[in-house]
Amino acid sequence: MFLFSRTANLRGDERHAMTWAAEMTAHVDAHSDHDVTCWRASFGHPVGTVSWTCWSESQTALEAGFAGLATDDGYFEKVAAAGDMIASPPEDRLRRLLHGERASTPPPLGAVSTVTTAIMANG
């Protein structure tokens, strides 16, 4: 099981930026095969950082689930609408779940989550 995340640092009026992030989440969720959630990052991230996440069984399934967005004009219109809000290119990460299990339903608004990332060392 993989956890995919796309993280972006949004600038400007936070109410406007977070509204856009929620609208983008809804669009991607409705136009892909993945259940996408949006998280507001804190503690170690710049203010205004959001992260969109979804679970996938494999990298192949992840790519296939988002394939339709490559030709989705509505998606690209939303990306373009945020041109003045996105401070730098978004960053993608793919993590493998090693311990625990994913929730069976999307978390409610206001939920808190912690992701621990580690690099294994020899020995």
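Residues numbered from 1 in each chain as written. Predicted model: local features only at pLDDT ≥ 70, side-chain atom pairs only at ≥ 80, totals over all residues. Heavy atoms only, no water.

Student: What am I meant to see in the overall build of the protein here?
Tutor: Looking only at helices and strands, the protein features 3 helices and 4 strands. Walking the protein from its N terminus toward its C terminus, one meets helices and strands in the order β-α-β-β-α-α-β. Within the span of the protein, comprising 123 residues, buried residues form 28% of the whole. Contacts in the protein between residues far apart in sequence, at least 24 positions, make up 74% of those at least 6 positions apart. Approximately 8,600 Å² of the protein is accessible, and the part contributed by carbon and sulfur atoms is 55%. (Helix = DSSP H or I, 4+ residues; strand = E, 2+ residues; numbered from the N terminus. Buried < 20%, exposed > 50% of the residue type's maximum accessible area, 1.4 Å probe, protein only. Contact = heavy atoms within 4.5 Å. Areas by Shrake-Rupley, 256 points an atom, 1.4 Å probe, with all protein chains shown as cover.)

Student: For this particular structure, what's the right way to read the pattern of salt bridges?
Tutor: Once their charged atoms are close, side chains differing in charge can pair, the charge on each being opposite to the other. Summed over all chains, the structure comprises 4 salt bridges. The closest approach of N and O atoms between Asp 92 and Arg 6, which form a salt bridge, is 2.6 Å. Here Asp 92, found in strand 4 (residues 91-96), pairs with Arg 6, found in strand 1 (residues 2-9); they are 86 residues apart in sequence, far enough to count as distant. Judged by relative accessible area, which is 30%, Arg 6 ranks as partly exposed. One salt bridge in this structure joins Arg 93 and Glu 91, with 2.8 Å as the shortest N-O distance. (Salt bridge = Lys/Arg side-chain N within 4 Å of Asp/Glu carboxyl O.)

Student: Could you clarify how one ought to interpret the environment of Asp 29 in this entry?
Tutor: The topology assignment puts Asp 29 in helix 1 (residues 14-30). For Asp 29, a relative accessible area of 32% corresponds to the partly exposed category. For the pair Asp 29 and Phe 66, spaced 37 residues apart in sequence, the C-alpha separation works out to 9.7 Å. In this structure, Asp 29 is in contact with His 34, Asp 35 and Val 36, ignoring residues within four places of it in sequence.

Student: Just checking my understanding: could you explain the packing of aromatic side chains for this structure?
Tutor: For any pair of aromatic rings, the description rests on two quantities: the centre-to-centre distance and the angle between the ring planes. Applying the stated criterion across every chain, the model contains 3 aromatic pairs. Relative to Phe 66, the ring of Phe 4 lies with its centre 5.8 Å away and its plane at 55°, an arrangement referred to as tilted. On the criterion of sequence distance, the pair formed by Phe 4 in strand 1 and Phe 66 in helix 2 (residues 59-66) is long-range, its members being 62 residues apart. Seen in terms of ring centroids, Trp 20 and Trp 52 are 5.8 Å apart; in terms of plane orientation they differ by 85°. Their pairing is edge-to-face. Here Trp 20, found in helix 1, pairs with Trp 52, found in strand 3 (residues 49-56); they are 32 residues apart in sequence, far enough to count as distant. For the residue pair Trp 20 and Trp 52, the accessibility class agrees, reading buried in each case. (Phe/Tyr/Trp six-rings, centres within 6.5 Å; stacked < 30°, edge-to-face > 60°.)

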